[in-house]
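Structural features, examined
Residue-level listing of the chains:
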Amino acid sequence: MSPTFHELTVAAVEQLTPSAVALTLAVPEPLREVFAFRPGQHVTVRLDEAERRSYSICSTPADLREHGLLTIGVKRVPGGAFSTRAQELAPGEPLAVLPPLGRFTTELDPARARRYGAIVAGSGVTPVLSLAATALGTEPGSTFTVLCGNRSAAEVMFADALADLKDRFPGRLQLVHVLSREMQPSELLSGRLDADRTTALLKAFELAAVDEWFLCGPLGVVRSAREALAAVGAAGRVHVELFHAEEPPPLAAAVEGGGTVGVRILLDGRSTEFAMERGERVLDAALRHRGELPYACKGGVCSTCRAKVVSGSVEMAANWALEPDELAAGYVLTCQSTPTSDDLALDFDA
Ligand SMILES: Cc1cc2nc3c(=O)[nH]c(=O)nc-3n(C[C@H](O)[C@H](O)[C@H](O)COP(=O)(O)OP(=O)(O)OC[C@H]3O[C@@H](n4cnc5c(N)ncnc54)[C@H](O)[C@@H]3O)c2cc1C
Ligand code: FES
């Protein structure tokens, strides 16, 4: 079954920084399996019928199993609809939440000893807190290095939780704070996490041999990190999560000729056929026929709208979410896809 929204209750609200809160949600016993997640995944919150926002989970799967709690960290964006409202939420208030999704994660194995690394900035630390806590707790032989960029120490989200984690795993968690608007004792740690500084940090902390990297933050930071990692031969060992594309997706490619396209979609084992205009986004057309289709950002970053092309073809205007292996297997982001064939079949269950 495709995931559906469930009403959860806000159990606690903690002010993390002047502009960020941690919202802890109570997950009742019957829903714990539905909300079971892998570290690094995110949930989607519904604002109204059409508006949804995704938030990475910062707590661990063990917190959910043992205490029925799931925590997200929300940083206020100027003029932002949900991130502003989140600052005023109080315990006891309901929130409509879609169960966890996402591929910004890895398989953990207690028998394995690996080096994990993360390059994050701002609220990008949220999924990495869960990843680091879970990896270090599950794999006694593994280490985790977090390069964490912020403007100032006061703006570091989850600073206490990170420090607690460091106390729990002193020899295996390496925490490196880089501040752009506050001088630190080392010049290397004072400034923006651009490609040059990231390259210098990889060298200074001897990180070229890290087995798996997790990048999460603004597009500029993620791009610089990718560049620096590619230069040390680590490009194939990188997971990326973007929260916001910052650049609007380009308009759909000009479509040759007019007319309609015949589309068939499979969702929850049920097939629906409809005709859509060429040049329209597949998700928008499909939602008119199957309103329960999964989506969140409609901006090509969250991958909630992912489906597999069974026959026909599409062109994506933007893709910030799918990894090369998913593209090779035929997955597309339907919110970004316009058909380039006369007939199209998509499987949302794949
Ligand atoms: C997979 C995923 C995980 C995410 N996890 C987190 C998380 O853990 N913590 C968190 O705080 N946010 C997270 N986000 C971002 C979050 O979903 C929202 O985009 C963000 O909170 C803004 O929502 P809003 O309703 O307040 O702003 P909106 O009303 O949607 O937008 C207001 C204005 O801000 C711009 N804007 C929107 N989002 C951002 C952004 N992230 N940065 C800069 N400008 C923006 C918009 O273009 C618009 O101009 C995640 C996003 C994705 C896709
Ligand atoms: S809805 Fe987020 S990528 Fe399509």
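Described in the following lines is the structure provided in the data block. Keep in mind it's a predicted model, so treat the numbers as computed, not measured.

A count of helices and strands for the protein chain gives eight helices and 18 strands. In terms of overall size, the protein chain behaves like a compact globule, its C-alpha atoms giving a radius of gyration of 21 Å where 350 residues would be expected to give roughly 20 Å. With the C-alpha coordinates aligned to their principal axes, the bounding extent of the protein chain is approximately 65 × 50 × 45 Å. When burial is assessed residue by residue, the protein chain has 50% of its 350 residues classed as buried. Sequence-distant contacts in the protein chain: of pairs separated by 6 or more residues, those separated by 24 or more amount to 67%. Distance between charge centres in the protein chain, computed from 33 positive and 44 negative side chains, equals 2 Å.

What follows deals with the side chain of T24. Counting through the fold element by element, T24 comes out in strand β2 (residues 20–26). For T24, a relative accessible area of 14% translates into the label buried. Within the local environment of T24, its side chain forms a polar contact with the side chain of T71, the two groups lying 2.9 Å apart. If near-sequence neighbours (up to four positions away) are discounted, T24 is found in contact with T9, V10, A11, A12, L69, L70 and T71.

Under the definition given, this model contains zero disulfides. With no disulfide of its own, C58 has C216 as its nearest cysteine by sulfur position, at a separation of 12 Å. With no disulfide of its own, C148 lies closest to C216 among cysteine sulfurs, the gap being 11 Å.

Near ligand 1 lie 22 residues; those nearest to it are R53, S54, Y55, G73 and S83. In the environment of ligand 1, an oxygen atom lies 2.9 Å from a nitrogen or oxygen atom belonging to the backbone of A81. In this structure, a nitrogen atom belonging to ligand 1 sits 3.5 Å away from a side-chain N or O atom of H244. Protein burial of ligand 1: of its 910 Å² of free accessible surface, 75% is covered by the chains.

Running from amino to carboxyl end, helix α5 (residues 195–204) crosses helix α6 (residues 219–231) at an angle of 45°, the nearest separation of the two axes being 8 Å. For the element pair α5 / α6, the angle class is oblique. Relative to α6, α5 is oriented so that their crossing is right-handed. In this structure, α5 uses A195, T198, T199 and L202 to contact α6, whose residues at the interface are S224, A225, E227, A228 and L229.

Time to look at the sheet that holds strand β7 (residues 115–121). Across the sheet, which stays open at both edges, the five strands sit in the order β9-β8-β7-β10-β11 with parallel pairing between neighbours. The sheet is open, and its two edges are formed by β9 (173–179) and β11 (238–242), each paired on a single side. The average undirected angle you get between the axes of adjacent strands in this sheet is 10°. Relative to strand β8 (residues 143–150), helix α3 (residues 125–138) is tilted by about 165°, and along the sheet it contacts β7, β8, β9 and β10 (212–217). Most of the contacts of α5 go to β9, to which it runs at about 150°, and overall it touches β7, β8, β9 and β10.

Rules and cut-offs
Per-chain numbering applies: the sequence of each chain, read as written, is numbered from 1 onward. Lettering for chains starts from A, numbering for ligands starts from 1, and both go in the order in which the items are written. Local features in this predicted model are restricted to residues of pLDDT 70 or higher, and side-chain atom pairs are both shown and tallied only at a pLDDT of 80 or more, whereas totals for entire chains, interfaces and linings draw on every residue. Here the side-chain values reflect all heavy atoms present in the structure, with hydrogen atoms and water set aside. Every helix listed is a DSSP run of H or I at least four residues long, and every strand listed is a run of E at least two residues long, numbered separately from the N terminus. The globule rule used for comparison is 2.2 Å times the number of residues to the exponent 0.38, while the radius of gyration itself is calculated over C-alpha atoms. Note on classification: 1.4 Å probe, protein chains only; a residue is buried when its accessible area is under 20% of the maximum for its type, exposed when over 50%, partly exposed between these limits. Residues count as neighbours in contact if any of their non-hydrogen atoms are within 4.5 Å of one another. Charge assignment: positive for Lys and Arg, negative for Asp and Glu; neither His nor the chain ends contribute. A single reference atom marks each charge: NZ on Lys, CZ on Arg, CG on Asp, CD on Glu. In the analysis that follows, any N or O atom pair within 3.5 Å is treated as a polar contact, provided that within protein one partner can donate a hydrogen and the other can accept it, and provided that, for residues neighboring in sequence, both atoms belong to side chains. Two cysteine sulfur atoms form a disulfide, by the criterion used here, when they sit within 2.5 Å. Only heavy atoms are used to decide nearness, and a residue is near a molecule or strand if one of them lies within 4 Å of it. All accessible-area figures derive from a Shrake-Rupley calculation using a 1.4 Å probe, and residue coverage is judged against the displayed protein chains alone. Lines fitted to the C-alpha atoms define the axes, with helices restricted to the stretch that makes contact. Angles between their N-to-C directions range from 0 to 180 degrees. Angles below 35 degrees are treated as roughly parallel, those above 145 as roughly antiparallel, those between 65 and 115 as roughly perpendicular, and all remaining angles as oblique. Working rule for handedness: look at the near helix, and if it is turned counterclockwise from the far one by less than a right angle, call the crossing left-handed; if clockwise, right-handed. Paired strands, as defined in this entry, are two strands with at least two bridges between them according to DSSP.

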